Amino acid sequence: MTTKENNSNPPTVKEIPAIWLPGAGCTGCSVSVLNAVSPKIKNLLLDEIVPGTKVSLLFHATIMAGQGEMVIEVLKDTQKRKKGKYLLIVEGSIPTAEKGKYGTLGNLKGKHETILGSLKELGSNALAVIALGACSSYGGIPAAHPNPTGCKGVKEVFKENSIETPVINVPGCPPHPDWLLGTISSLLLGRMPELDDVGRPKLFYGTLIHENCPRRADFDKGKFAKYPGDEGCLYQVGCKGHYTYADCALRQWNNGVNWCIKAGSPCLGCVEPEFPDLTSPFYEKITTEDIKSCITTNTQSTR
Ligand code: SF4
Ligand code: SF4
C-alpha cells in the first residue's frame, strides 16, 4: 500500500454512548425531539453533528426493537464497560415512594428493575445527565399534588443520594427539540453549557417570554383578551409569560410555524420548576408576586 493510500483512510469518529432512561411520563418529550427539523433526529443518531464525534444511542424504551432481559442487560453492561463515558438522558419523573416500586423498567433474573434504582446506578456512573422535560427536571405533572407515588426530579434524587454527576435540566412540557440538540452538541464539543439558578442552559432559558412577546404592546396599552384565542394580551386569561424564562417567542415551535401565544393560548409556564401546581389553574390570571409568595412558602420548591 502506498503512503497516499494510507493517508486516504477515513478519520476515526469518536462515539459517545447514550442511554435514554424512561421515567413516569407521557413520552411527549420523545415525540417532540423525534420531530426535530434542523438538524433532524436521524442526523443526531447517524451523523457527526459535531465533526469527529457522534452519539451512539444504546437504549430508548419507546423506539428500540429489543425487549425483555436482553435490553436490561444493555443498561448493566454500559454502566460497567463505559463507566464515566456515556451520556444519560432521563425522560419522566422518578417515583420514589415505597423504594421506587411504582415505576419499573422490567425484570432481570426475577428481580424488578425500578426506575429509581436504575437512575441511581446509571446516574452515578455517567459522564453527565440531561434531565429532559418538566418531569425529569423538577417532578412535573406526575409530582403534582398530592403526588402519591413520591415523584421527584433527577437533581433532587441525586441530592438525596449524594450523587455528584453533573445534571443539566432541559425542562418544558414538552421541551423544544432544539433545546436538547443544542445541549448535546455543546457536550460533544466538551463544553458544559452555562446554567441558570435552576440548572437550565442560559442559551435557551435566558430571556423572559413577556419581554419578546408579540402581544407585549397590547399589555402596555391595557388591551386584554377576554377569552383564549381573542386578540390582545392574554394576561387576564392566565398567561404566565411574565414570569417564564424560555426563548419560545423568538425560536417558535414546529419549525418556526407557531407557538402557544401566537396560537391564542396563554403561556402555562411549562419550563418553570413550579409547573404545574403553582402555574395552575392555567386559564386564570395570576401575578408574578402571587407566584413568588407561593415559592417562598413551598418547601418542596427547587428554587
Ligand atoms: S400574552 Fe403573556 S407574555 Fe405576552 S404580553 Fe401578555 S402577559 Fe406578556
Ligand atoms: S410558551 Fe410557555 S407554555 Fe408554551 S412552550 Fe413556551 S414556556 Fe411552555
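So, how was this worked out
Residues numbered from 1 in each chain as written. Chains lettered and ligands numbered in written order. Predicted model: local features only at pLDDT ≥ 70, side-chain atom pairs only at ≥ 80, totals over all residues. Near = placed C-beta within 6 Å. Nonpolar A, V, L, I, M, F, W, Y, C, P; charged D, E, K, R; others polar. Core = buried A, V, L, I, M, F, W, Y, C linked by C-beta atoms within 7 Å. Buried ≥ 20, exposed ≤ 12 C-beta atoms within 10 Å, placed from the backbone. Domains from an automatic or database assignment. Contact = placed C-beta atoms within 7 Å. Pairing = 2+ DSSP bridges. Helix = DSSP H or I, 4+ residues; strand = E, 2+ residues; numbered from the N terminus. Axes fitted to C-alpha atoms, helices over the stretch in contact; angles between N-to-C directions. Arc of directions from axis to C-beta.

1. Some thoughts on the site of ligand 2
By nearness alone, every residue bordering ligand 2 is listed as Gly172, Ile209, Thr244, Ala246, Cys248, Trp259, Cys260, Ile261, Cys267, Leu268, Cys270 and Val271. Taken together, the residues of the shell around ligand 2 sort by class into 10 nonpolar, two polar and no charged.

2. Observations concerning the nonpolar core
Membership of the largest hydrophobic core comes to 65 residues, with the highest contact counts inside it found for Ile19, Leu88, Ile89, Val90, Leu119, Ile130 and Val154. Here this core spans two domains, and each of domain 1 (7–201) and domain 2 (207–303) adds at least three residues to it. In contact with Ile89, not counting residues within four places along its chain, are Ala18, Trp20, Leu21, Ile130 and Leu132.

3. Brief notes about the sheet that holds strand β2 (residues 53–60)
One open sheet accounts for five strands, arranged β2-β1-β3-β7-β9; its pairing is parallel. Across the chains shown, the open sheet's two edge strands, defined by having one partner strand only, are β2 and β9 (167–170). Taking the axes of each pair of neighbouring strands and ignoring which way they run, one obtains an average angle of 25° across the sheet. Pairing between strand β3 (residues 87–91) and strand β7 (residues 128–132): five bridges, direction parallel.

4. Examining the site of ligand 1
Around ligand 1 sit 14 residues in total, of which His210, Cys213, Cys233, Cys239 and Gly241 are the nearest. If you list the elements that add at least two residues to the shell around ligand 1, you get α10 (209–212) and α11 (216–221). Grouping the amino acids of the shell around ligand 1 by side-chain chemistry returns nine nonpolar, three polar and two charged.

5. Comments concerning the environment of Asp77
Looking at where Asp77 falls in the secondary structure, it is placed in helix α4 (residues 69–81). Owing to 11 C-beta atoms within 10 Å, Asp77 belongs among the exposed residues under this scheme. It is 48 Å that separates the C-alpha atoms of Asp77 and Cys213, two residues lying 136 residues apart in sequence.

6. Quick notes on helix α5 (residues 115–125)
Residues of α5 that are buried include every one of Ile115, Leu116, Ser118, Leu119, Leu122 and Gly123, and no others. Projected down its long axis, α5 shows its buried positions confined to an angular sector of 160°, all on one face.

7. Considering the pairing of β9
For a regular strand, side chains alternate in direction, first toward one face of the sheet and then toward the other. Here β9 shows a buried face lined by Val167 and Asn169 and a second buried face lined by Ile168 and Val170. Note: β7 against β9, four bridges, orientation parallel. Counted as the bridge partner of Val129 is Val167 from β9.

8. A word on unusual backbone geometry
Between His145 and the following residue, Pro146, the backbone shows a cis peptide bond with an omega angle of 10°. Mapped onto the elements of the fold, Pro146 is located in the loop between α6 (134–138) and β8 (151–152). Cis geometry marks the peptide bond from Phe275 to Pro276, where omega comes out at 0°. In this structure, Glu98 takes a positive phi of about 50° despite not being glycine. Secondary-structure assignment places Glu98 in the loop between β4 (94–95) and β5 (104–108). The class for Glu98 is exposed, based on 11 C-beta atoms found within 10 Å. One non-glycine residue with positive phi stands out, namely Lys99, at about 55°. Mapped onto the elements of the fold, Lys99 is located in the loop between β4 and β5.

9. Section: the pairing of β5
Direction of pairing for β5 relative to strand β6 (residues 111–114): antiparallel, over a ladder of four bridges. The residue bridging Leu108 from the neighbouring strand is Lys111, located in β6. Counting the residues that bridge the hairpin from β5 to β6 gives two residues, and of these Lys109 lies at a positive phi of roughly 50°.

Worth remembering: the numbers are spatial, not functional.
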